[in-house]
Structures are given as C-alpha cells and as structure tokens.
Amino acid sequence: MSKDIKIKCGLTINLKGAAENIVKKAALPKSISLNPADFHLITPKMAVKIGDHVNAGDVVFYSKKNQEVKFCSPVSGNVKDIVRGEKRKIIEIIIDVDSFQKSKKFKTYKFENFKREDIITSLLESGCWPFINQRPYDIIANPSDTPKSIFISTFNTAPISADIQIILDDQKNEFTTGIKVLRKLTDGELNICVEKDNQTFINEINDVVIHNVSGPHPSGNVGVQIHHIDPINNGEKVWTVNPEDVAIIGRLFLTGNYTPLRTISVSGPPVKYPQYYKTIAGSKLSEIINDSVVNDDLLRFINGDVLTGKTVGKDSYLGFYNNSFSVLREGNHHKLFGWVPFINNKVPSIYKTSFSWLFPNKKYDLDTNMNGEERAFVVTGEMEKVFPMDILPMQLLKECMIGDIEKMENLGIYEVAPEDFSLIDYSSSSKIEAQFIIRKGLDLMISEVG
Amino acid sequence: MNIRNILDNLKKPFNKGEKWEKFAPAFNAFDTFLFVPNHTTKHGAHVRDAVDLKRTMITVIIALLPALFYGIFNTGFQYYSQLGTDYNTMDIIVHGSMKILPMIAVSYIVGLTIEFAFAVYRGHEINEGYLVTGLLIPMIMPVDIPLWMVGLSVAFAVFIGKEAFGGTGMNILNPALTARAFAFFAYPTYMSGNQVWVSEASNIDGVSGETILGMLASGSNSIPYEPMQMFIGSIPGSIAETSTLMVIVGALILVYTGVGSWRIMVGSVIGAAVTGLLFNLWGANELMSFNWINHLMVGGFAFGVVFMATDPVSAAQTVKGKWIYGILVGLFCILIRVFNPAYPEGVMLAILLMNVFAPTIDHYVVEANVNRRIKRSLKTVKTA
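All residue numbers refer to position in the chain's written sequence, counted from 1. Each chain takes a letter, starting from A, and each ligand takes a number, starting from 1, following the order in which they are written. Residues qualify for local features only when their pLDDT is at least 70, as the model is predicted, and side-chain atom pairs are given and counted only at 80 or more; totals for whole chains, interfaces and linings, by contrast, use all residues. Excluded from the side-chain calculations are hydrogens and water; all other atoms, namely the structure's heavy atoms, are used.

### Structural notes on the overall build of chain B
Here is step 1: Each helix is a run of DSSP H or I of at least 4 residues and each strand a run of E of at least 2, with the numbering of both proceeding from the N terminus. Summing up its helical and strand segments, chain B has 17 helices and 1 strand in all.
Here is step 2: The size measure is the radius of gyration over C-alpha atoms, and the globule rule it meets is 2.2 Å times the number of residues to the 0.38 power. For a compact globule of 384 residues, the expected C-alpha radius of gyration is about 21 Å, and chain B comes in at 23 Å, within 12% of that figure.
Here is step 3: Across its three principal axes, chain B shows a C-alpha extent of roughly 75 × 65 × 35 Å.
Here is step 4: Going through the 384 residues of chain B one by one, you find that 55% of them count as buried.
Here is step 5: Look at the contacts in chain B between residues 6 or more apart in sequence, and 71% of them connect residues 24 or more apart.
Here is step 6: All accessibility values rest on the Shrake-Rupley procedure with a 1.4 Å probe; residue burial counts only the protein chains present in the view. Carbon and sulfur atoms make up 68% of the accessible area of chain B, which amounts to about 16300 Å² in all. A simple rule labels every residue: compare its accessible area, found with a 1.4 Å probe on the protein chains alone, to the largest value its type can have, and call it buried under 20%, exposed over 50%, or partly exposed in between. Whether two residues touch is decided by their heavy atoms; if any such pair falls within 4.5 Å, the residues are in contact.

### Some points on the interface of chain B and chain A
Where the parts come together, the accessible area they lose is often given as the size of the interface.
Here is step 1: Each partner contributes to the interface: chain B provides 55 residues, whereas chain A provides 76 residues.
Here is step 2: Buried area adds together the accessible area that both of two parts lose upon being put together, with accessible area traced by a 1.4 Å probe. When chain B packs against chain A, the two sides together hide about 5900 Å² of surface, and 57% of this comes from carbon and sulfur.
Here is step 3: A per-residue breakdown of the area chain B buries against chain A is headed by His-46, Arg-48 and Arg-55 of chain B, which together make up 14% of the total.
Here is step 4: Between Lys or Arg on one side and Asp or Glu on the other, a salt bridge is scored when a side-chain nitrogen of the former is within 4 Å of a carboxyl oxygen of the latter. Joining chain B to chain A, the criterion identifies 5 salt bridges.
Here is step 5: Note that Arg-373 of chain B is salt-bridged to Glu-415 of chain A, the shortest N-O span being 3.5 Å.

### What to know about unusual backbone geometry
All names here are of chain A.
Here is step 1: The linkage connecting Arg-135 with the following residue, Pro-136, adopts the cis geometry, with an omega of 0 degrees.
Here is step 2: Structurally, Pro-136 is set in the loop between strand S10 (132-135) and strand S11 (139-140).
Here is step 3: For Arg-88, which is not glycine, the phi torsion reads 60 degrees and is therefore positive.
Here is step 4: Tracing the backbone shows Arg-88 in the loop between strand S8 (77-84) and strand S9 (90-97).
Here is step 5: Look at Arg-88 and you get exposed, because its relative accessible area is 57%.
Here is step 6: In this structure, Asp-207 takes a positive phi of about 65 degrees despite not being glycine.
Here is step 7: By the element assignment, Asp-207 lies in the loop between strand S13 (190-195) and strand S14 (209-214).
Here is step 8: A relative accessible area of 56% means that Asp-207 is categorised as exposed.

### A short note on the packing of helix H7 (residues 393-402) of chain A against helix H10 (residues 434-448) of chain A
Helix packing for two helices is described by the angle between their axes and how far apart those axes are.
Residues and elements named next belong to chain A.
Here is step 1: With their axes 9 Å apart at the nearest point, H7 and H10 run at an angle of 55 degrees to one another. Comparing the axis directions of H7 and H10 gives the class oblique. H7 and H10 meet at a crossing whose hand is left-handed. Only Ala-434, Ile-437, Ile-438 and Gly-441 of H10 make contact with H7, whose side of the interface consists of Leu-396, Leu-397, Cys-400 and Met-401.
Here is step 2: Split by residue class, the contact of H7 with H10 holds 7 nonpolar, 1 polar and no charged. Axes here mean lines fitted to C-alpha atoms, for a helix over just the part in contact, with angles spanning 0 to 180 degrees between N-to-C directions. Note on terminology: angles under 35 degrees are roughly parallel, angles over 145 are roughly antiparallel, angles of 65 to 115 are roughly perpendicular, and the others are oblique. Here a crossing is taken to be left-handed if its near helix is turned anticlockwise relative to the far helix by less than a right angle, and right-handed if that turn runs clockwise. For this scheme, ten residues count as nonpolar: Ala, Val, Leu, Ile, Met, Phe, Trp, Tyr, Cys and Pro. Four count as charged, namely Asp, Glu, Lys and Arg, and the remainder, Gly too, count as polar.

### Section: helix H4 (residues 89-122) of chain B
Owing to its 3.6 residues per turn, the α-helix aligns residues three or four sequence positions apart on the same side.
All names here are of chain B.
Here is step 1: The length a helix should cover is 1.5 Å for every residue beyond the first. Given a rise of 1.5 Å per residue, 34 residues ought to cover 50 Å, and the 48 Å separating the end C-alpha atoms of H4 matches this to within 8%.
Here is step 2: At Ser-97, H4 shows its maximal bend, which comes to roughly 30 degrees.
Here is step 3: Just past H4, the residue Gly-123 takes up positive phi, approximately 70 degrees. Here the bend at a residue is taken as the angle between two axes, fitted respectively to the seven residues that end there and the seven that start there.

### Let's talk about the sheet that holds strand S16 (residues 261-267) of chain A
Residues and elements named next belong to chain A.
Here is step 1: Strand order in the open sheet formed by 6 strands is S2-S17-S16-S20-S18-S19, and the pairing between neighbours is mixed. Across the chains shown, the open sheet's two edge strands, defined by having one partner strand only, are strand S2 (23-25) and strand S19 (310-312). This sheet shows a mean twist of 30 degrees between the axes of neighbouring strands, independent of strand direction.
Here is step 2: As paired strands, S16 and strand S17 (residues 275-280) are joined by 6 bridges and run antiparallel to one another. Whether two strands pair comes down to DSSP finding at least two bridges between them.

### Thoughts on the domain arrangement of chain B
Residues and elements named next belong to chain B.
Here is step 1: Where each domain begins and ends is defined by an automated method or by a domain database. When cut into domains, chain B gives domain 1 (2-29) and domain 2 (53-202 + 209-370).
Here is step 2: On a C-alpha basis, the centres of domain 1 and domain 2 stand 38 Å from each other.
Here is step 3: Listed by partner, the interface residues are 6 residues for domain 1 and 7 residues for domain 2.
Here is step 4: With both chains or domains summed, domain 1 and domain 2 bury close to 520 Å², and 71% of this area falls on carbon and sulfur atoms.
Here is step 5: When the buried surface of domain 1 facing domain 2 is broken down by residue, Pro-25, Ala-26 and Ala-29 rank first, second and third, together holding 66% of it.
Here is step 6: Our count for the domain 1 to domain 2 interface comes out at 0 salt bridges.
Here is step 7: Classifying every residue of the side of domain 1 that touches domain 2 gives 4 nonpolar, 1 polar and 1 charged.

### Details of the packing of aromatic side chains
Here is step 1: Pairing of aromatic rings covers Phe, Tyr and Trp, the last counted by its six-membered ring, and requires centre-to-centre distances within 6.5 Å; plane angles under 30 degrees mean stacked, over 60 mean edge-to-face, and any other angle means tilted. In the structure shown here, the tally under the stated rule is 33 aromatic pairs over all chains.
Here is step 2: Summarising the aromatic geometry, the rings of Phe-320 of chain A and Tyr-321 of chain A are spaced 5.0 Å apart at their centres and angled 85 degrees between planes, so their arrangement reads as edge-to-face.
Here is step 3: The buried category is assigned to Phe-320 of chain A, whose relative accessible area is 6%.
Here is step 4: For the ring pair Phe-14 of chain B and Phe-27 of chain B, a centre distance of 4.7 Å and an interplane angle of 20 degrees mean the geometry is stacked.

### As for the sheet that holds strand S4 (residues 44-46) of chain A
In sheet architecture, strand pairing relies on hydrogen bonds along the backbone and comes in two forms, parallel and antiparallel.
Residue and element names in this part refer to chain A.
Here is step 1: Strand order in the open sheet formed by 3 strands is S4-S6-S7, and the pairing between neighbours is antiparallel. Each having just a single partner strand, S4 and strand S7 (70-72) make up the two edges of the open sheet. Recorded for the sheet is a direction-independent mean angle of 35 degrees between the axes of neighbouring strands.
Here is step 2: When strand S6 (residues 59-63) meets S7, the two strands line up antiparallel, connected through 3 bridges. From the neighbouring strand, Val-59 faces S7, where its bridge partner is Cys-72.

### Points about the confidence of the model for chain B
Here is step 1: Averaged over every residue, the pLDDT of chain B is 88; residues scoring 70 or more account for 96%.
Here is step 2: Taken over the whole predicted complex, pTM reads 0.92, whereas the ipTM for its chain interfaces reads 0.90. pLDDT gives the predictor's per-residue confidence on a scale running from 0 to 100.

### Thoughts on the domain arrangement of chain A
Residues and elements named next belong to chain A.
Here is step 1: Domain assignment breaks chain A into domain 1 (1-27 + 107-331), domain 2 (31-97), domain 3 (337-366) and domain 4 (370-448).
Here is step 2: Of the residues lining the interface, 23 residues belong to domain 1; the matching set on domain 2 comes to 22 residues.
Here is step 3: Between domain 1 and domain 2, roughly 1700 Å² of surface is buried when both sides are summed, and carbon and sulfur atoms account for 60% of that area.
Here is step 4: Run the count over domain 1 and domain 2 and you get 2 salt bridges.
Here is step 5: The salt bridge partner of Lys-310 is Asp-38, with a shortest N-O separation of 3.3 Å.
Here is step 6: In protein, a polar contact means a hydrogen-donor-capable atom and an acceptor-capable atom, both N or O and within 3.5 Å, with residues adjacent in sequence counting only if both atoms are side-chain atoms; elsewhere, any N or O pair within 3.5 Å suffices. Scanning the region where domain 1 abuts domain 2 turns up 6 residue pairs in polar contact (both at pLDDT 80 or more).
Here is step 7: Top element by residues in the side of domain 1 that touches domain 2 is helix H1 (residues 116-126). It accounts for 3 residues.
Here is step 8: Taken together, the residues of the side of domain 1 that touches domain 2 break down into 13 nonpolar, 6 polar and 4 charged.

### Concerning the pattern of salt bridges
Here is step 1: One pass over the full model with this rule turns up 28 salt bridges over all chains.
Here is step 2: In the salt-bridge network here, residues are joined through shared partners; they are Arg-135, Asp-138, Glu-419 and Asp-420 of chain A.

### Some remarks on the environment of Leu-397 of chain A
Residues and elements named next belong to chain A.
Here is step 1: Here Leu-397 lies in helix H7.
Here is step 2: Taking the C-alpha atoms as reference points, Leu-397 and Ile-437, separated by 40 residues in sequence, lie 6.8 Å from one another.
Here is step 3: When neighbours within four sequence positions are excluded, Leu-397 is seen to be in contact with Met-383, Phe-421, Ile-424, Ala-434, Ile-437 and Ile-438.

### Things to note about the nonpolar core
Nonpolar side chains in soluble globular proteins tend to be buried together.
Here is step 1: In plain words, nonpolar cores are sets of buried Ala, Val, Leu, Ile, Met, Phe, Trp, Tyr and Cys residues tied together by side-chain atoms within 4.5 Å. Among the nonpolar cores identified, the biggest contains 154 residues, and Phe-303 and Tyr-325 of chain B are the most heavily contacted of them.
Here is step 2: No other element matches the 11 residues that helix H17 (residues 347-383) of chain B contributes to this core.
Here is step 3: The contact partners of Phe-303 of chain B, leaving out residues within four places of it in the chain, are Leu-64, Ala-67, Leu-136, Met-139, Ile-140, Ala-240, Glu-241, Val-247 and Met-308 of chain B.
Here is step 4: Residues Ile-95, Ile-164, Val-181 and Phe-201 of chain A belong to the second largest nonpolar core, which totals 61 residues.

Below you can see the structure in the form of structure tokens.
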C-alpha cells in the first residue's frame, strides 16, 4: 500500500560541503560519553559510580521520574568520570572503552512470538527505549501509553544532512527486523515515509503503509508528514523513531546485543573531506574526524544539522541521536552596508532582495552571522511560506511567548516540534528565535497539562 | 585605521557599565546602519537568511522612489503649466525639490528624534519602520502645507499612533495615515478644497488646482483631463500619489521582491473595481457614473493600496484575512467617495477603518483554523 504526499511550502538550502558517498570505518574510540542533556527533560539517577566497569548494555542511569526507562552503555569499559555542573547537575558520563568489547545478552530470541508487553520490556531493559519518541512534545515516549500510530521518516531534507540510504546501506536486514518489532507496538498503522521516485528496499517491506513524499525541506520532517497523514488530536499520542535507530532496535532482536552503531555524515563548507564515518553513539569526535576538518579556531562544531543541531566544543562527543555532524565558519565579522538589497548574493533568501534566486543550483558557503539584529514582529506572511502545515505559525508563536495554554492547544501546539520551526528561524526578517520559543511552549504544556 | 576601528573606539563609552550606556540604542542605530553587526546565532538555526528588517524597509523605500521623483516633477509641472509663463524642465525640478525636500527633512528629523528618544527611554534597539513612515508622510500631503504642520502631524503619528501602543509592531493604525488624518481634521483648510493641490494656488490668481474627485463631488461632469493623464499622473493632487504608472512600478518592486503583500493589492483592486462597476450601473450622481477604471486611477487609491494598506503591522496578518481586508479597503474607498461629498477621496479613511477591523478579520480566520482542528478531533472520537 502506498500513498502520495506533496509538500508545497518550504525552502531547500543548498550548502557547500555535503558529505560524499564514502563510508570510512573509524577505529574503536578510546572514550565515549553519555550526555543526559541529549534526552529532553530527563533527570538522571545514576546506576554506576566512577571506577565501575560496565558491559555494553549495562544500565548507566535511569530516568528519575520513570525508573523503567534505562540508559545503557553503548560499549564495555570503565566509568572514568561523572562530570557535574551547577547544583551537582550531571553534565556528562565518560566511559573509557575496553579494547576487547563485551556485551550483556538480552533474551530476544524468537521475538516473532513476543507479545506487545514483552517487546516493550526488552526495549526498556536493553536501553533501546529512548529511541522511541512521542509527539506531542517531542520527548521520549512513555512506555505505558498506546500510540495511535507510529511514523518513520526515511529521508532528510535539511541542508547538508546525512543521506539515510547510505546509512542503512549495510543494515537493511536490521532495519526490516526493527520494523517488524515496532509493528507490534501499535494497533494503528505503521507509517513509513519515503522520498518519492526513490525506490529502495524499504518499498518492499510488508504490513506497513508507505507514503511517497515530495517537496522542499521540511518535507522530510516527521512532524510535517504526521500532520498530512494522520494529524495528532488533543489527547492522542504518535510515536516516531529515527530510521537508523530502527536498525539498532533490529540488531538487538537479531543478536541480543545492544550495539548502537552510528554512521555519521561529517559535512559543512569548511570540511576538507566531507564523508561518512562508521562509529558508535557517543564517540569522541576529535578521534574520528581529525583528518577531515580544517584546523581553525573560528569554526563552529554542531552535533546534528545546521538548522537544528547543538553547538559543541571541538573535543566533545557525538550526541545520542545524531547521525550527522556539521561544521560552519563563525560569522563574527561586520559587513559594511550589508543590509543594502541586491548587492550581496552570498546568502539564499526567501525574499528576492538578492539575486540568489536566479541560481537555484548554486551552493552556498554560509557562516553563523545573524545577518541582522532581532526586531519586533513586523513582516507578516513570511512564516507561512516555509511552514507547510494547516497551523498559523505566527499566532502560535505569539501565544507561546505569552504562555496562554488554552490558545496554544487550540492553535495546534500538540502537532509541532521545534525542528518544524527551524526554517522560520532561518527566514525570519525580525530574527525571531522560533525553535527556542516553541521548545519553551512545549515544556510549559508538559508541566501544566502533562 | 579603518572605519570599523574608529566606530569601535567611539562605541566604548556606550558599552555596558560605561557612562553613556543608556544611549547605546542611539549609537547602535548609526553603527548598524553602517555595518551589519557581528552577532552570531545563539539559539536555534545556526545559519540565517540574508534578509533583515533594514533590508525589507529599504526595499520599500526603493519602491517609493519612482513615485517620489514623479511627485517632485509634477509639483513643479502643475505650478508652471498653470502659471502660463515660460519654463523648462530644470525650473520644474528645482521648484518641486524646493517644496518637497524640506518636508521630507522635517518629517525625518521630528520622527526620528522621537523614535530615538523612545528607544533610549525603553532601552530597546531602534526599529527601522520609521524610515518608510517618514518618507510616506510628506508624499501624501498637499504641497502647500506649512512645515510646522508636517512636524506636528509627524509628532502626533509617532506619539499617539505608534509609541502609545508600544512602538513598532504594536500600532493599530498605519502611522503615515494617522499623520495625514490628524492634519486633515485639525487643519481642514490646508488639507482639502480647491486651492491646496497645486503649489502656491492660493497666492496666485491664475492658478486653480481642483482635483478630479473634487470636481466630481461638486457636481461638475466636465473633467478637463484625459484618462492617460490620470494614469501618468500629470494632474493635481497630493504630492506623490497622482501617478498611477509610478505606483505600479513601485508595486511591481514590492511584489517581485516579496516584501509587499500582493494579496492585499489585488484584493483592493478587485473590491474597488466591482464596487465602481456596480455604481456605474446605478449612476445616480457624477461620482457614481464616473468610469470604474478611472476610479482606480484618480486620487490616492493606487498609492494607498500599494504602500499604505500593505503595511504588515496594521493590515490583516493571516493569508485569508489579507484577501478580505484588501477587498473591503477597495469597497469602502469607492463607497466613501460616492456617498460622502465632504470626503471626495475615500482611500485614507477606508484604510484607517480597515486597520481598525483587521484584528477582527484575523480573529475569524484564526477561529476558523481552530474550529477545523476541533472538528477533526471530534470526528476521530466518533469513529474510534
């Protein structure tokens, strides 16, 4: 079964330095890190102390609110450090990696006969549960909920993001197994969104609904796809899983091991050799990518893509969910009369106030300059151009700023995630921080409505 | 030493904790005018569009320039052509410039002074909206209005029309039209009648400067102008609104760059054309039987719908709302022209009226969106 969805509004930003189709196998990292900040609103309760030895799949910390949700070590090794910040908040758990890897075995044999509860228990025990996210709120799903459907988007449309097909290339069996496992979690549909006119092994998977999606970014965002296929109403839950995480779940049920392998794209205009690296979640980045990144202090390193990623230091670790790592030049320079229209064509725009629209295939070398200063909301109609949902983005943002819960609910807060507003961040002429505002709005909803 | 270093040195006393910290917004306004700041992204998307408010506002000013230049020309042309003496193009331009440039200077000096004062008082950066407002105000005034009246109208518009509501982005009425409406009701003898539309008409006997709409309102049906003149704009009227051609050039710039809302412009033209056509069929007075196409070309209609009705802050903000708002601006403009001989030109009042109703229009568009969502959720509950 397959259906067509066509997204009309949006913006595809062509950047230089997209990763080429070369997959390099990185050596086993010397250390890895688990960063509780990767899991939104999770307060960790530690299960290990400094010096403890853990196997891959051993619990490192629990969620304080719901101790069923476990976060496990991706490798075997010794807990080297638990970095704490203000008020003893746990910032990072660093594990020195053993040269010989040992894994905890989970009982996943003959999972075809498992009931829904058994699958959930296996996912929780093995540390795979955090891969299952829920909408509304864009947080880790609650294992006691029953989702009305599950969505998996199998393509990225964000600028210089990772190509999922390259990532899944050697994990087809794992991915298909993962889908079989997830199929048992919902009585509703399991929806897989694929890029239209790109026939792959995914189109052959049975017992799922395949949607052919086309259009500019954000057509690859799972939230946009949910909105057009099976929108979330008040009180409903939809679960989403990243495609590469489906493969990790599949591997768990095929082998009984928790092995969160990651194929990450390293991309960005300043990157010398933009390509893919095969490594493990939480790896130390500098160990892997030293050869491909130009050595320069004025660079910004981003865990994730350039629209939604998190700024990290050069010596930091790969995030739990990331399949891409981006590098940009810092834009902390002044531009003389940079606001004059029609003279600077170096930045693509939703407005035709530069000639950049004449070159639709040109690739740009953007830096992190704001290209202006924050101003009051003035121009209307620009957000709707990059927001392909039947939701009024400006009105919703304003209610989030005020914190009017009833109006936020009416205007569709349950259907959106910060990433859906990333293009509004990009294109706002008043330089509004839309993702930040929406995240705060969602957090308010969680604390007030739950 | 380059300009950047000089600016950075000058800026030191304005930095946080220094003695002139309070006046930082004023200094920053000059600084950011010269240089796009070196700010980098902190939250959210790491890369940003080239567009900012300065660029959108400057684009509007570029779109206004053809009408402004034609306005300067027409001011001189109307004066000399009615005077009957010999003249050349240079005379026309000099006369027009002498009349109009001081008005623009007064408008910017008074308006920006108040804007700067409020920015310093409130401690926020100066918004660029006044760059457009300050140019619009002289462009929609009669040419002989005294400079102090321009200054007073500007002050009223910025104080009462804008800052009283919280500043840029918060105002309900279009500030430029607020200025014009203030002058219109406070000093009616300078703002309407037969003697104000051509430079010095009240001082020199031979010059009469009635507008076409004024003639029609007084019951005259012999219009001494051809439709082509109405289109080109060589007719008496407020400074820069007479040339429909130049306004169309501006409209094309706004629509092409995406800065102005084409929905409002098209909506207004549809609204006015349909209303005009219906009145043509009725034809009970001179204004009713005035050809609907000419209705679109005379008076400030074209200028109003392209540059004033599209002001994003005071117009409707939703996509559907913009259509409704535009159509109603057009409709009310012709209605006021036809039914109220005291106001031969209706576009100013039509836009101000719709400014007031824009939030109501948006309210119903938003409610429709909310109701769609509620309906959808009820449907799923039933089927579940």
